[in-house]
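Each chain, written out:
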Amino acid sequence: MNSSAAPAAAREALRRAVRVVVFTGAGISAESGVPTFRGAGGLWKTFKAEDLASPTAFGRDPRLVWEWYAWRRETVGGCRPNAAHLALARWILGRAGVTLVSQNVDDLHERAAREAAGEGGDARRAEPLKLHGSLFHDHCTRCPHRQASSPVDAASVATLPHCPECGGLMRPDVVWFGEMLPARPVEAAFAAAAEAEACLVIGTTGAVYPAAGVVHTAKASGARVVVVDPGETEFDALADVRLVGPAGEIVPTLLK
Ligand code: BJW
Ligand code: ZN
């Protein structure tokens, strides 16, 4: 499809669909100032983000990994939802049948949902199924205790957050490589994908599984797939429509 026909084709695919699954990744938050994982923005100090997000890295040096997460919490805390998060939240609240699935651990979809819903609205309808956990929760490495995050002192292992129930070391409540994804959001995401007539993918390389399987499931079930990304992604070959550019520019126009 030539690039001038793509926006109309994407709008038509979304307009015709009764059920839509939206699948987002780090790229949707890039224009808010949240660093992505891969590529030039994926470095912290001299470390690759991909190498820090692992149980091995945490086992080797929990202080370093906690320092990185504390930095990310602070960074995300200072960011605001951008035009793409907000357009998406308003669109979801304005129609039925949309399931938002996100790999992101930031809370920008949730904040956009609250902003779009305003006083008294039901923001929960525009909150995402979070496949990789939440930056703003911790869980214990020894027992099932989970809690909302509080400020982290990463000066030494002794000052890191410890469990109020068993004294074990707490860790960020996110999914690292080699770990299982949370069952309930995963099941809901794949069920929505299997029923969707359209799948809108925004800002993800599509390299990480099983999350990327949501888009493959939607495609295999007959959904038309629209990909919004300024770069190449693993979904380009299966996309029915590619909209090449930043989410903050493309998504508001697409969902107007
Ligand atoms: C813009 C933009 C703008 C820029 N606008 N766009 C099948 C095949 C191969 C491997 C596997 C497989 N199944 C499982 C695996 C192993 C592994 C995996 O997938 N590896 C591959 C990388 C090779 N998966 C796992 O280990 C998963 N667990 C698992 O499989 O368990 C099963 C099991 C367990 C035990 C025993 C046996 C089996 C877990 C994966 C967890 C991923 N976790 C992370 C970290 C989360 C915590 C944290 O944030 O700290 O999740 S890794 C990281 O990648 C993060 C992200 O959610 C995820 C995806 O990244 P994303 O969103 O694609 O970001 P980027 O940076 O890669 O891309 C940004 C995109 O935005 C780019 O396309 C840009 O162009 C674009 N962009 N500006 C729009 N303005
Ligand atoms: Zn504990």
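The structure presented is a predicted model; accordingly, all values stated were derived computationally and were not measured.

Side note on the overall build of the protein chain
Link 1 in the chain: Looking only at helices and strands, one finds 10 helices and 11 strands in the protein chain.
Link 2 in the chain: Over its C-alpha atoms the protein chain spans a radius of gyration of 19 Å, differing by no more than 12% from the 18 Å that the globule rule assigns to 256 residues.
Link 3 in the chain: Structurally, the protein chain occupies a C-alpha span of about 60 × 40 × 30 Å along its principal axes.
Link 4 in the chain: Taking all 256 residues of the protein chain together, the buried fraction comes to 49%.
Link 5 in the chain: A separation threshold of at least 6 residues defines the contact pool for the protein chain, and within that pool the share at least 24 residues apart is 71%.
Link 6 in the chain: Here the protein chain displays about 12000 Å² of accessible surface, and carbon together with sulfur accounts for 53% of that area.
Link 7 in the chain: Looking at charge distribution, the protein chain has the averaged site of its 27 positive side-chain charges lying 3 Å from that of its 28 negative ones.

What about the domain arrangement of the protein chain?
Think of interface size as the accessible area that goes away when the parts come together; that is how it is often given.
Link 1 in the chain: Segmentation of the protein chain into domains returns domain 1 (1–34 + 80–132 + 181–256) and domain 2 (35–78 + 137–174).
Link 2 in the chain: Here the C-alpha centroids of domain 1 and domain 2 sit 27 Å apart.
Link 3 in the chain: Summed over both partners, the interface of domain 1 with domain 2 buries about 810 Å², with 64% contributed by carbon and sulfur atoms.
Link 4 in the chain: Counting across the domain 1 and domain 2 interface gives 0 salt bridges.
Link 5 in the chain: Summed over the shared surface of domain 1 and domain 2, the result is 1 residue pair in polar contact (both at pLDDT 80 or more).
Link 6 in the chain: The residue makeup of the side of domain 1 that touches domain 2, split by class, is 5 nonpolar, 4 polar and 4 charged.

Describing the site of ligand 1
Link 1 in the chain: Near ligand 1 you find 34 residues, and of these Arg38, Tyr69, Arg72, Gly178 and Asp229 are the closest.
Link 2 in the chain: Gly178 places a main-chain nitrogen or oxygen 2.6 Å from an oxygen atom of ligand 1.
Link 3 in the chain: Thr204 has a polar side-chain atom sitting 2.7 Å from an oxygen atom of ligand 1.
Link 4 in the chain: At the level of elements, α2 (27–30) and α5 (62–77) are the ones that each hand at least two residues to the shell around ligand 1.

A few points about the sheet that holds strand β10 (residues 224–228)
Link 1 in the chain: What the 6 strands build is an open sheet, ordered β5-β4-β1-β9-β10-β11; its pairing is parallel. The open sheet terminates on both sides in strands that have one partner only, identified here as β5 (129–130) and β11 (241–243).
Link 2 in the chain: Summarising the sheet, strand β9 (residues 198–202) and β10 pair through 5 bridges and their orientation is parallel. Of the residues in β10, the one forming a bridge with Ile202 is Val228.

Observations concerning the coordination of the zinc ion (ligand 2)
Link 1 in the chain: Of the protein atoms, only Cys140 (SG), Cys143 (SG), Cys163 (SG) and Cys166 (SG) coordinate the zinc ion (ligand 2), at distances of 2.2 to 2.4 Å.
Link 2 in the chain: Classification of the site at the zinc ion (ligand 2) as tetrahedral follows from its 4 donor atoms and the range of 98 to 117° in their angles at the metal.
Link 3 in the chain: One chain supplies every donor to the zinc ion (ligand 2), and in sequence these donors are spaced C-x2-C-x19-C-x2-C. Taken together, the residues span a long stretch of sequence, with Cys143 in the loop between β6 (133–140) and β7 (146–148) and Cys163 in the loop between β7 and β8 (170–174) at a distance of 20 residues.
Link 4 in the chain: For Cys143, a relative accessible area of 22% translates into the label partly exposed.
Link 5 in the chain: Residue Cys163 is classed as buried on the basis of its relative accessible area of 6%.

Re the pairing of strand β1 (residues 20–24)
Link 1 in the chain: Taking burial as the measure, the 5 residues of β1 include 5 buried ones, the bulk of the element.
Link 2 in the chain: Side-chain alternation along β1 places Val20, Val22 and Thr24 on one buried face and Val21 and Phe23 on a second face that is also buried.
Link 3 in the chain: As paired elements, β1 and strand β4 (residues 98–102) share 5 bridges and run parallel to each other. Within the sheet, the bridge partner assigned to Val22 lies in β4 and is Leu100.
Link 4 in the chain: As defined by bridge partners, β1 adjoins β9 across 5 bridges and the pair is classed as parallel. The residue bridging Phe23 from the neighbouring strand is Val201, located in β9.

A look at the sheet that holds β6
Link 1 in the chain: Spatially, β7-β6-β8 is the arrangement adopted by the 3 strands of the open sheet, whose pairing is antiparallel. Looking at strand neighbours, the two that pair on one side only are β7 and β8, the edges of this open sheet. Each neighbouring strand pair of the sheet contributes to a mean axis angle of 40°, computed without reference to strand direction.
Link 2 in the chain: For β6 and β8, the ladder comprises 4 bridges, and the chain directions are antiparallel. Paired with Gly133 across the strands is Val174, a residue of β8.
Link 3 in the chain: Against the sheet, α5 contacts β6 and β8, and its axis sits at roughly 140° relative to β6.

Rules of the game
Residues numbered from 1 in each chain as written. Chains lettered and ligands numbered in written order. Predicted model: local features only at pLDDT ≥ 70, side-chain atom pairs only at ≥ 80, totals over all residues. Heavy atoms only, no water. Helix = DSSP H or I, 4+ residues; strand = E, 2+ residues; numbered from the N terminus. Rg over C-alpha atoms; globule rule 2.2 N^0.38 Å. Buried < 20%, exposed > 50% of the residue type's maximum accessible area, 1.4 Å probe, protein only. Contact = heavy atoms within 4.5 Å. Areas by Shrake-Rupley, 256 points an atom, 1.4 Å probe, with all protein chains shown as cover. Lys, Arg positive; Asp, Glu negative; His and termini not counted. Charge placed at Lys NZ, Arg CZ, Asp CG, Glu CD. Domains from an automatic or database assignment. Buried area = accessible area lost by both parts, 1.4 Å probe. Salt bridge = Lys/Arg side-chain N within 4 Å of Asp/Glu carboxyl O. Polar contact = N/O pair within 3.5 Å; in protein donor to acceptor, adjacent residues only side chain to side chain. Nonpolar A, V, L, I, M, F, W, Y, C, P; charged D, E, K, R; others polar. Near = heavy atom within 4 Å. Pairing = 2+ DSSP bridges. Donors = N, O, S within 2.8 Å, 3.2 Å for Na, K, Ca; no water. Tetrahedral: all angles 85-135°; square planar, octahedral: opposite > 155°, others 65-115°. Axes fitted to C-alpha atoms, helices over the stretch in contact; angles between N-to-C directions.

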